[in-house]
Every structure is written in structure tokens, then in C-alpha cells.
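As a plain string of letters, each chain reads:
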Amino acid sequence: MQRCLIFAYKISDSCAAGKATDTSGPLLVELIKQSLKTDTVNYLLIPDEEDLIKQSLIYASDVLKVRAVFTTGGTGFAPRDVTPEATRAVLTKEAPQLTLAMTLCSLEKTKFAVLSRAVCGVRNKTLIVNFPGSRKAVGECFQSIVDVLPHVLNLLHEGEIERVRETHRKVQAEGDIQATQEVYHVCPHATSKGGDDRNSPYPMISVDDALKQILASIPTVQATRKQLSRVNIPPFRASIKDGYALKAIGGKGMKKVVGYVSAGDPIVQTNFTIDECFKINTGAPVPLQADAIIQVEDTKLVSRENDYERIVEILTEPTVGLDIRSIGTDLRMSEEVFQYRFPLDACQRALLAAIGEKVSVMKLKVAIISTGDELLHPYDTNATGDASSVEGKIFDSNTTMLVALVRQCGFTEDQCEIQQRVVKDDFESLKQEIESLTGAVHIIICTGGVSMGDKDFVKPVLKELKYELVFGRVNMKPGKPCTYASSKVTKFFGLPGNPVSAFVTFHLFALPALRQYLATINETAPNAAKTRLPVITVELMDAKYMLDPRPEYARASIISRNGKLVASITGGQISSRLKSTIEADVLLELPARTEAKPYIAAGTPLKALVLRSDFISRYE
């Protein structure tokens, strides 16, 4: 069965190179989404290269098996306008009447419509339509064929033959082709009605509601776990400076050096006169009878004997306690060292070491599952370094990414135990894996199998295993199919299979849950303010960005310009383009598109969720 997926290609050298802003492509995407009732439209920029256009069309049709590919641009008479030639070369059937319909409609607006060389047709079961490059022409041409597009798509798909017959019955009964306007393509991803129309039965909830429901399902404790010190720091009076230990009552003047004290030496018990002193290093124990330290810079060497200092002159007046750290100055025995927060960070570990305590943590147990018959291990010796060498297969990047993200976010091996599994797209295989992990681990993070495909078994398996399915869709881009389920011990995150969707939903949903659960099993109240990603306010640097009907979390890099933080979106934001995460410092919270606000422009203030501590990529 073909996927409910549509591609929109913008063919333009300047747009592909980032030298111009595409306006017709985003409009085409919105027209497709609204008219065909689908959100799964992938949008790509391609240069005017005939071979590359051919390869892109063939890949979308033969490998991805998408329902339709719509192109905009490259249909004129300029030397680089080769879209029609590339399209015609890959078609198995032409559809000239679709082209004619667009031409006749455009001719009503302008006589220059005759200069468009657009081509329409089919490659196997994928519809391919060329549109002109201007925003105005795209709108006009799309409207000229939109009423018949659902019927065309149904005709190409054997599983929708009943819809085809229904359309024919309506047309014949009413004797008017306008009857087809009532028959629209219904994408299984589009609504939440459920039932016979095969749409998702899960309502789309907001990101905030999703996170609230996740955290509410994870047990918490009210107690605050405190760490007390069992030692004094320092445990002896310690010198703050390199200098001389003496008796303040002796004042300044000439002093005889009667000994040397280094860090780690025992405390000098010997008494000495007011005209004597000890040479001492920083951190060394102060002699029992000394009550002041004079730094080297406030003295003058008068004489040496056999490389040892014998007489120094103290140039400043000493005072009692000068440059001496008293016992327990930094930390006293039985004093509170800190209140635990999890995962343990470097500062907590350092303080535990300073008081001689071992790290004692109840480990969080996590399982990471990637689902898919198409997955190859990235370091499989049977693969030749190129996933395309095994037909229909791809390398599994999600497992590597998620394990690394868990560790990168502070869940070290002594705090978090991680199991990794790759499971075939098979109900029984998936059920067996999840059943074996349920109750044995605290959190399962699974990627793939949560949408509406024939082999998306995650939700049915969870129901079979008596999990409470808390939610099955979230109103967001990317990551709409994100699923969360809860059992008594084990919490299950069903993240989408596309790597960027998994990346975003991990940070928004799984990471806060990991932090809260680790605190809970260690009998500590979670710090709500530190559970989620930190939020900053930035300004958009990009000239223009078309908004999506859903709230979007765009990957962006942060630049500091004279102290002001600006965000640059990291190229194409399609959910399969893992490269968009490489330069990502933050996730930009973008509002949903409205008629009044279809896009945002440079200078727009936005909230940004910080992904890492070194979140400023460049200073200008």
C-alpha cells in the first residue's frame, strides 16, 4: 500500500543555493495540505540540474513510493529551464489534459501562459505535476486541477477502488463533473474521527498538555534529600597564601626563618618567639602557635644560608587571623552540603569527593528500541559502507542518537543503565520485546511504528499489554504521531521514526521524564524548573519563514550580535533531514499559521528551548 505522502519540489538554482527566497514552494505546500487534507507534505529545494531532477523524481516514486510529486519552477524557455525534459524522461504515462486544464485557466489571466512548458503524468503509481515558478501562477494552476486530484490519486491506488466507483456513481447520477468536488482524498493522518474512515482515533493534544500528562503519570516524592558533611573543610587551619607564619604580636621587622611547612605536612607543634617565623606554602597547615600569615610580596629577603632563607624583613603590620582559613571555614561537620538534584553533576560529585563520600545512586533503567524491517546496524560488517548496496535498507541512526543524547544530558553509566534493541516490524516480535522489558525497566524509548501504516504495531501492542495509552498524537511539527503510555513501573515513549522527529520529541517529552523518574527512585523531589529545557528569548535572523498549520519546533543556531541573541534556522526542516540538528543550539517555538499571520519575518521575537550549555555558535 502506498504511503500517504506527497512531495513538493522547488526547482531553482538561486533558491537551492540560498541566494533567493522561495515563495511559490511554500504556497504549493499549503495548497496541497488544505485541499488534499494531509499534513505529510515534504518540501525540498533542487537546483536546475536535469539529472538531479530525474534522480529526485525516481527516488520519490520508486523508493519512497509517494502518492504525488508536485514541482514548481523551471518550466520556461531559459537555458536552465529543464524541468519538463527531466519529468518527461521518467514518466510511464503522460496526462496532457491536466496540462491543458492549467493552461486554459492561466490564459484567462495572462497571454503569457502559452510560454509555460509544464508536463503532467504518472510514474508507476505516483502522480507527477509541473507547475510554473511564480507564486501567482502556482495558485491559479493548482485551483484548475484540484477538484480532480483526489480522483486521480484514488485511480492510482488499488486499495481505493471503491472510492473511484463512488465518484463515478456521483458523476453519472448528477450528470455534472462538479459532483467530484464533494469527493476529497482522506489522509489517515488528517483527523481524529476514527471509525470506518480509518483516521486516527487519537485526538491531537498540545505540547504543554502532553508534557503535563507525562509528568503526572510518573511517581514523585515530596522529601528533599540532603547531603550532610562528616568532616570539617579545612580540617585544620590552612594558609591562604605563600608566605610566612608568625605571631601577630611581634609586629613587622626582622624575623628569623626557623622552618618550612608545605601542603600535606603535619601541624607544627613547636613554640617559637615573636622574632621568628616559618616559611609556608598555600594550603599548608598553620603552625599551632602562629596566628597570622604575611604573603611573600610583603617581605624582603635579607640573608640565605646553604640555599635556605635565614632572615626576612616583614614590611607590613600583621593582624591576628590574617590570611588563615579557620577549621570548617568552607564546610563544617554535620552542615548541609547540598540538596540532591539528578542527574548528579560535576559540582555535586566534587563536593562528595571533598567530604570523602562515595556516589550512591539508584540507577534509572532505560531501554531504547528502534523498529523497522529496513534497519541495518551502522557498523554491520556485512554492509559495504553504503546502505543503498542492500536494496530497501537504511542504516539505523536513531539508536545511536538516543543513547548519546541520554548520556549527553548527564545520565552517566553510574546513574543510568541502557539496553538497546532493534525489532522487526512484526506484532509478535514487538510484543515479546516490550513485554520482556515491562516492569524490568523504568522507561522505554521506542522509535517508529506509531503512525498509521500497515506495520505500525506500537499502539496495538501497548493495548494488548494493558498499558494505559495516555495520548497518541500531539499538535506539533515535527513529531505529531508521538505516543505515550504508562504502566505501574514502566513508562513508554513511542517517538516517530524520522530521526529529527525523534530528536525533538526526546528533548520535549522523554528528557523531562528521565529527570523526574531518576529523582523519584532516589527519593528526591524533582526540581520542576530544571526538569524541562531552559527557555531564552531570541530574534529571528532569517528574512522570512513560512509557518506551518501546527506549532513548529525549528532547529536553529544562535548568534550573539553586540549582546543580542539572534536565531538562524538550520536549513531545510523536513523531519528526515538529520543534518538540521548538527548546528542546532536551540529549538525555536514557532506559532501555528493563521490567515492573518502566514509567516514570520526577521526581527520577530521568539522563545527558544536551549539544547546545550555552549548554545552560542558565533559572536559578531
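Residues numbered from 1 in each chain as written. Predicted model: local features only at pLDDT ≥ 70, side-chain atom pairs only at ≥ 80, totals over all residues. Heavy atoms only, no water.

The following threshold applies: UniProt positions are given in the numbering used here, feature names are shortened, and annotations may be inferred rather than shown by experiment.
In the nomenclature of an unreviewed UniProt entry, the chain corresponds to MoaB/Mog domain-containing protein from the organism Anopheles epiroticus. Recorded in UniProt under Pathway (unreviewed entry), the annotation for the chain is "Cofactor biosynthesis; molybdopterin biosynthesis." The annotation that UniProt attaches to the chain under Function (unreviewed entry) is "Catalyzes two steps in the biosynthesis of the molybdenum cofactor. In the first step, molybdopterin is adenylated. Subsequently, molybdate is inserted into adenylated molybdopterin and AMP is released."

1. Remarks on the environment of R550
Rule in force here: Only runs of H or I of at least four residues qualify as helices and only runs of E of at least two qualify as strands under DSSP, and these elements are numbered from the N terminus. Think of it in three bands: residues with accessible area under 20% of the maximum for their type are buried, residues over 50% are exposed, and the middle band is partly exposed, with areas taken using a 1.4 Å probe on protein chains only. Whether two residues are in contact is decided by their heavy atoms: any pair within 4.5 Å suffices.
Examined against the element boundaries, R550 turns out to sit in the loop between β28 (544–546) and β29 (552–561). For R550, a relative accessible area of 9% corresponds to the buried category. Expressed as a C-alpha distance, the spacing of R550 and G243, which sit 307 residues apart in the sequence, is 67 Å. Ignoring anything within four residues of it in the chain, the contact list for R550 reads D39, N475, M476, K477, K480, P591 and A592.

2. Focus on the side chain of S580
Short version of the rule: Two N or O atoms count as a polar contact when they lie within 3.5 Å, although within protein this holds only if one can serve as hydrogen donor and the other as acceptor, and sequence-adjacent residues are included solely when both atoms are side-chain atoms.
Looking at where S580 falls in the secondary structure, it is placed in the loop between β30 (564–569) and β31 (586–590). Owing to a relative accessible area of 0%, S580 belongs among the buried residues under this scheme. Of note is the side chain of S580, whose polar atom sits 3.2 Å from the side chain of R555. Sequence-distant contacts of S580, defined by excluding residues within four places in its chain, comprise V500, R555, T570, G572 and Q573.

3. Concerning the sheet that holds strand β15 (residues 308–314)
The test is simple: Being paired, for any two strands, means DSSP has found at least two bridges between them. Only the contacting stretch of a helix is used when fitting its axis, a line to C-alpha atoms as for every element, and angles between N-to-C directions run 0 to 180 degrees.
Here 6 strands make up an open sheet; going across it, the order is β13-β10-β12-β11-β15-β14 and the pairing mixed. Strand pairing shows two members of the sheet lacking a second neighbour, β13 (292–295) and β14 (299–305), which therefore form its edges. Adjacent strand axes in the sheet meet at a mean angle of 35 degrees when their direction is disregarded. For β14 and β15, the ladder comprises 6 bridges, and the chain directions are antiparallel. Of the residues in β15, the one forming a bridge with L301 is V312.

4. Examining the packing of aromatic side chains
What counts here: Classification of ring pairs rests on two measures: the distance between centres of Phe, Tyr or Trp rings, Trp counted by its six-membered ring, which must be within 6.5 Å, and the angle between planes, read as stacked under 30 degrees, edge-to-face over 60 and tilted in between. Look at NZ for Lys and CZ for Arg. If either is within 6 Å of the ring centre and within 35 degrees of the ring normal, a charge sits over the ring.
Counted by the stated rule, this structure contains 13 aromatic pairs. With centroids separated by 6.0 Å and ring planes inclined at 25 degrees, the aromatic side chains of F70 and F131 adopt a geometry described as stacked. Of this pair, F70 sits in strand β3 (residues 68–72) while F131 sits in strand β6 (residues 126–131), placing them 61 residues apart in sequence. Here F70 and F131 have matching classes, each one buried. With a centroid separation of 6.1 Å and 90 degrees between ring planes, the pair formed by F427 and F457 is classed as edge-to-face. Pair noted here: F427 is in helix α12 (residues 427–437) and F457 is in the loop between β22 (443–447) and α13 (458–464), with a separation of 30 residues, a long-range link. An aromatic cluster of at least three residues, connected via ring pairs, comprises F471, Y484, F493 and F509. The ring of Y340 is capped by R225, whose NZ or CZ atom sits 4.2 Å from the centre of that ring.

5. Comments concerning the nonpolar core
Note the cut-off: Residues belong to a common nonpolar core when they are buried Ala, Val, Leu, Ile, Met, Phe, Trp, Tyr or Cys residues joined through side-chain atoms within 4.5 Å.
Grouped together as the largest cluster of nonpolar side chains are 59 residues, with contacts concentrated most on F411, I445, F493, F506, L508, F509 and L514. Those elements that place two or more of their residues in this core are α9 (207–217), β17 (336–339), β18 (364–371), α11 (398–408), β21 (416–423), β22, β26 (491–495) and α14 (499–521). Looking at this core, the element that brings in the most residues is α14, giving 15 residues. Excluding anything up to four places from it in sequence, F506 contacts L402, L405, V406, C409, I445, L495, L511, P512 and L514.

6. Looking at the packing of helix α5 (residues 96–107) against helix α6 (residues 135–145)
For clarity, the threshold we go by: Angles below 35 degrees are treated as roughly parallel, those above 145 as roughly antiparallel, those between 65 and 115 as roughly perpendicular, and all remaining angles as oblique. With the far helix as reference, a near helix turned anticlockwise by less than a right angle produces a left-handed crossing, and one turned clockwise produces a right-handed crossing. When residue character is reported, Ala, Val, Leu, Ile, Met, Phe, Trp, Tyr, Cys and Pro are called nonpolar, Asp, Glu, Lys and Arg charged, and the others, Gly included, polar.
Two numbers describe how α5 lies on α6: the axes approach to 8 Å, and their chain directions differ by 125 degrees. On the basis of their axis angle, the class for α5 and α6 is oblique. Between α5 and α6 lies a crossing of right-handed hand. Between α5 and α6, the contacting residues are L98, A101, M102, C105 and S106 on the first element and E140, C141, S144 and I145 on the second. For the contact of α5 with α6, the per-class residue count stands at 6 nonpolar, 2 polar and 1 charged.

7. Notes on the pairing of strand β12 (residues 276–280)
Taken residue by residue, a regular strand's side chains alternate between the two faces of the sheet. Burial of β12 is extensive: 5 of the 5 residues sit out of reach of the surface. Burial of β12 is two-sided: the residues E276, F278 and I280 facing one way and the residues C277 and K279 facing the other way are all buried. Across 5 bridges, the pairing between strand β11 (residues 253–261) and β12 is parallel. Its bridge partner being in β12, G259 is matched across the sheet by F278.

8. Here's the deal with the pattern of salt bridges
Cut-off, in case you're wondering: Salt bridges, as used here, are contacts in which a Lys or Arg side-chain nitrogen is within 4 Å of a carboxyl oxygen on Asp or Glu.
Per the counting criterion, the structure on display carries 26 salt bridges. Taking the shortest distance from any N to any O, the salt bridge between R123 and D62 comes out at 2.8 Å. Note that R123 is positioned in strand β5 (residues 120–123) and D62 in helix α3 (residues 50–63), a separation of 61 residues in sequence. Connected through shared salt-bridge partners, K33, K477, D548 and R550 make up one network.

9. Thoughts on α12
The condition that has to hold: Regarding the arc, it is the one traced by the directions from the helix axis to the C-beta atoms.
L430, K431, I434 and L437 are the residues of α12 that are buried. Looking straight down α12, one finds that the buried residues subtend no more than 135 degrees of arc, so they occupy a single side. Turning to α12, the residues buried within the fold contact β18, β21, β22, α13 and β26. One side-chain oxygen of the residue at the start of α12 lies 3.2 Å from the amide nitrogen of E428, identifying that residue as D426. Of the residues one or two after α12, G439 is the one with positive phi, at around 90 degrees.

10. Quick word on unusual backbone geometry
Cis geometry is found at the peptide bond from F342 to P343, where omega equals 0 degrees. Counting through the fold element by element, P343 comes out in the loop between β17 and α10 (346–354). Here the bond from K477 into P478 is cis, since omega is -5 degrees, no more than 30 degrees from zero. Among the structural elements, P478 can be located in the loop between β24 (473–474) and β25 (483–486). In this model, K466 sits at a positive phi of 70 degrees, which is unusual for a non-glycine residue. The topology assignment puts K466 in the loop between α13 and β23 (468–471). When its relative accessible area of 72% is taken as the criterion, K466 is described as exposed.

11. Some thoughts on the domain arrangement of the chain
Note on interface size: it is often stated as the accessible area lost on association of the parts. Under the convention used in this document: A domain assignment, automatic or from a database, supplies the domain bounds used here.
Domains assigned within the chain are domain 1 (6–172), domain 2 (207–221 + 361–522), domain 3 (238–325) and domain 4 (535–619). For domain 1 and domain 3, the distance between their C-alpha centroids amounts to 87 Å.

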